[in-house]
Amino acid sequence: MERLLELFIKYNNFLFFIFLQWISLFLVFRFNDFHKEVYGSYMLSIAGFFQEKNHSIRSYFLLADENEKLLNENIKLKQELIYTQQALNAARYRIPYSRKFNILPDSLFPVSVYSFIPSKIVQNSIYDPYNYFIINKGTKDGVYNEMGVVSSDGVVGIIVETSENYSVGMSLLNKHFRLSTKIKSTNIHGTVHWRGNNPKIVYLEYIPLHIPIQVGDSVMTSSYSNYFPEGYHIGKIIDVKDPKDGQGFHEILVLLSTDFYKLENIYLVKNKHQSELKTLNQKIIQFK
Amino acid sequence: MSLRLITSLVVILFLQLFFFNAISLYDTAFAFVFVMILLLLPLDWDYKVLITVAFSIGILVDISILKLGIHASSSILIVTLRGFWIDIITPQINPNEKLNFKPHAQSLSWIISYFTPLIFVYSLIYHLLSDLHFTLNTFWKFFATGFYSTLLIILIYSLFIKTSDKR
């Protein structure tokens, strides 16, 4: 206290100067309209700045909840998208009928067979010839073998092994993995296959040479796949090479839309009719 | 401080309030003749008395132009700065002599070198505080006011103050 008093006495001239300056500036900003307005807007911007920072700090602590909400929202939107796509596909065949009777039949809006489970990748490899990943959902979350795995950008792989809390997926970047696809603009079906090397590029195989291919066309899942909904994005055609000797198919390079380097949030695709389709497929094998 | 000088300074203050405030040129060059009073206040006064007088003169001029606080703030700053400026332009005087140092007793050339920079600084502080930013327009006002006020102050000083003090 004494030292404080000493300081006040020592710097009394300076403190008096500050005091008179404060009175002057108070008068300036209190009694001049222009200065009052500038002061008001300046204070408002300072308050706004601090409020914004405060809000961003608070938001940071709520990120986990927000992320969860967004994932659930994404699932809802995905389901709606698939539902709409199916309705559109159905409408293509039903329109003559509806025109005739001037009604839209209920079957125009079929119930979607696909639903999604959000999950996270906890381990992933991309540099081996046979890549796998592990996700943080298992049998207790309703995960089973042969479920499709997608990200918000495109196809990721399929589940091949499950435990109670975790599951292993075969990555699209696995030489064993083959996926039935189609080219968006021509609807021509082919198979996507990764041949190793570049984790961004896959090959679209079995497209006959007489089919014209356009660089930039989208490649998506076809209706032949039991694991993924039809029309799910896989990538874009970036190059068409000369076919290998004696083969009647194009060598098509596809740039994957999924970035496997930073893959984190994924969705498991649940096909309600999968077991039914599997049984029928086994029957086909028996017929052969 | 002689009675003649005090009277002259009081007259200048009245002239500032009722005449010089009205003779600004194109709202760009203002006649801040009263700054001369601040610069001629005795150096031997106590600092607190000095800035209180400067503050009061500033407030009076502020009231006359209805811009409260701007001249008061600039006046306090300029009377604080003038001591440092005297030290720079008159390095030969020692601190003991400084209290008895009388600016109005110096030569006209010394007065010009004393007044001119401080009047320009006053003009700069005033216009910065008045506009709250520095644009080309602020620069012109600062320069024009500094030039106009310096001219008037030197003229009035050499015609009335210097001669009246000699008598």
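These numbers were taken from a predicted model, which means no experiment stands behind them. (Residues numbered from 1 in each chain as written. Chains lettered and ligands numbered in written order. Predicted model: local features only at pLDDT ≥ 70, side-chain atom pairs only at ≥ 80, totals over all residues. Heavy atoms only, no water.)

Some thoughts on the overall build of chain A
Now for step 1: In terms of helices and strands, chain A carries five helices and 12 strands.
Now for step 2: Since a compact globule built from 288 residues should have a radius of gyration of about 19 Å, the 31 Å found for chain A marks it as more spread out than a globular shape.
Now for step 3: In chain A, the share of contacts with a sequence separation of at least 24, taken over all contacts with a separation of at least 6, comes to 60%.
Now for step 4: For chain A, the exposed area adds up to about 18400 Å²; of that, 57% sits on carbon and sulfur atoms.
Now for step 5: Treating the 31 positive side-chain charges of chain A as one cloud and the 27 negative ones as another, the clouds have centres 4 Å apart. (Helix = DSSP H or I, 4+ residues; strand = E, 2+ residues; numbered from the N terminus. Rg over C-alpha atoms; globule rule 2.2 N^0.38 Å. Contact = heavy atoms within 4.5 Å. Areas by Shrake-Rupley, 256 points an atom, 1.4 Å probe, with all protein chains shown as cover. Lys, Arg positive; Asp, Glu negative; His and termini not counted. Charge placed at Lys NZ, Arg CZ, Asp CG, Glu CD.)

Some thoughts on the pairing of strand S2 (residues 130-135) of chain A
Residue and element names in this part refer to chain A.
Now for step 1: Residues of S2 alternate between two faces, with Asn131, Phe133 and Ile135 buried on one and Tyr130, Tyr132 and Ile134 left unburied on the opposite face.
Now for step 2: Alignment of strand S1 (residues 114-124) against S2, held across three bridges, turns out to be antiparallel. Bridge pairing in S2 links Gln123 to Ile134.
Now for step 3: Bridge count for S2 against strand S5 (residues 167-174) is five bridges, and the pairing is antiparallel. Note on S5: the bridge partner recorded for Tyr132 is Met170. (Buried < 20%, exposed > 50% of the residue type's maximum accessible area, 1.4 Å probe, protein only. Pairing = 2+ DSSP bridges.)

Brief notes about the packing of aromatic side chains
Now for step 1: One pass over the structure, following the stated rule, counts 23 aromatic pairs over all chains.
Now for step 2: Taking the centre distance of 5.6 Å and the plane angle of 20° together, the rings of Trp22(A) and Phe26(A) count as stacked. Placement of the pair is Trp22(A) and Phe26(A) together in helix H2 (residues 12-31), with a separation of four residues, close to one helical turn.
Now for step 3: Judged by its relative accessible area of 56%, Trp22(A) falls in the exposed class.
Now for step 4: Taken together, a centroid distance of 6.0 Å and an interplanar angle of 80° make the contact between Phe120(B) and Phe142(B) edge-to-face. (Phe/Tyr/Trp six-rings, centres within 6.5 Å; stacked < 30°, edge-to-face > 60°.)

Quick notes on the sheet that holds strand S11 (residues 251-256) of chain A
In a beta sheet, neighbouring strands pair by backbone hydrogen bonds and run either parallel or antiparallel.
Residues and elements named next belong to chain A.
Now for step 1: Read around the closed barrel, six strands run S6-S7-S8-S11-S10-S9, paired in antiparallel fashion. Strand-to-strand twist of the sheet, defined as the mean angle between neighbouring strand axes without regard to direction, takes the value 45°.
Now for step 2: Alignment of strand S9 (residues 218-221) against strand S10 (residues 233-241), held across three bridges, turns out to be antiparallel. Paired with Met220 across the strands is His233, a residue of S10. (Axes fitted to C-alpha atoms, helices over the stretch in contact; angles between N-to-C directions.)

Observations regarding the sheet that holds S5(A)
All names here are of chain A.
Now for step 1: Read around the closed barrel, the six strands follow the order S1-S2-S5-S4-S3-S12; overall the barrel is antiparallel. Across this sheet, the average inter-strand angle for adjacent strands is 45°, counted without regard to direction.
Now for step 2: Bridge count for strand S3 (residues 148-150) against strand S12 (residues 265-271) is three bridges, and the pairing is antiparallel. Bridge pairing links Val149 to Leu268 in S12.

Brief notes about the packing of H2(A) against helix H4 (residues 70-89) of chain B
Now for step 1: The geometry of H2(A) relative to H4(B) is characterised by a closest axis approach of 7 Å and an angle of 155° between their N-to-C directions. Between H2(A) and H4(B), the crossing angle belongs to the class labelled roughly antiparallel. Crossing of H2(A) against H4(B): the hand is left-handed. Taking contact as the criterion, the partners of Phe17(A), Leu20(A), Gln21(A), Ser24(A), Leu25(A) and Val28(A) in H2(A) are, on H4(B), Ile70(B), Ala72(B), Ser73(B), Ile76(B), Leu77(B) and Thr80(B).
Now for step 2: Along the lines of polarity and charge, the residues of the contact of H2(A) with H4(B) split into eight nonpolar, four polar and no charged. (Parallel < 35°, antiparallel > 145°, perpendicular 65-115°, else oblique. Left-handed = near helix turned anticlockwise from the far one by under 90°. Nonpolar A, V, L, I, M, F, W, Y, C, P; charged D, E, K, R; others polar.)

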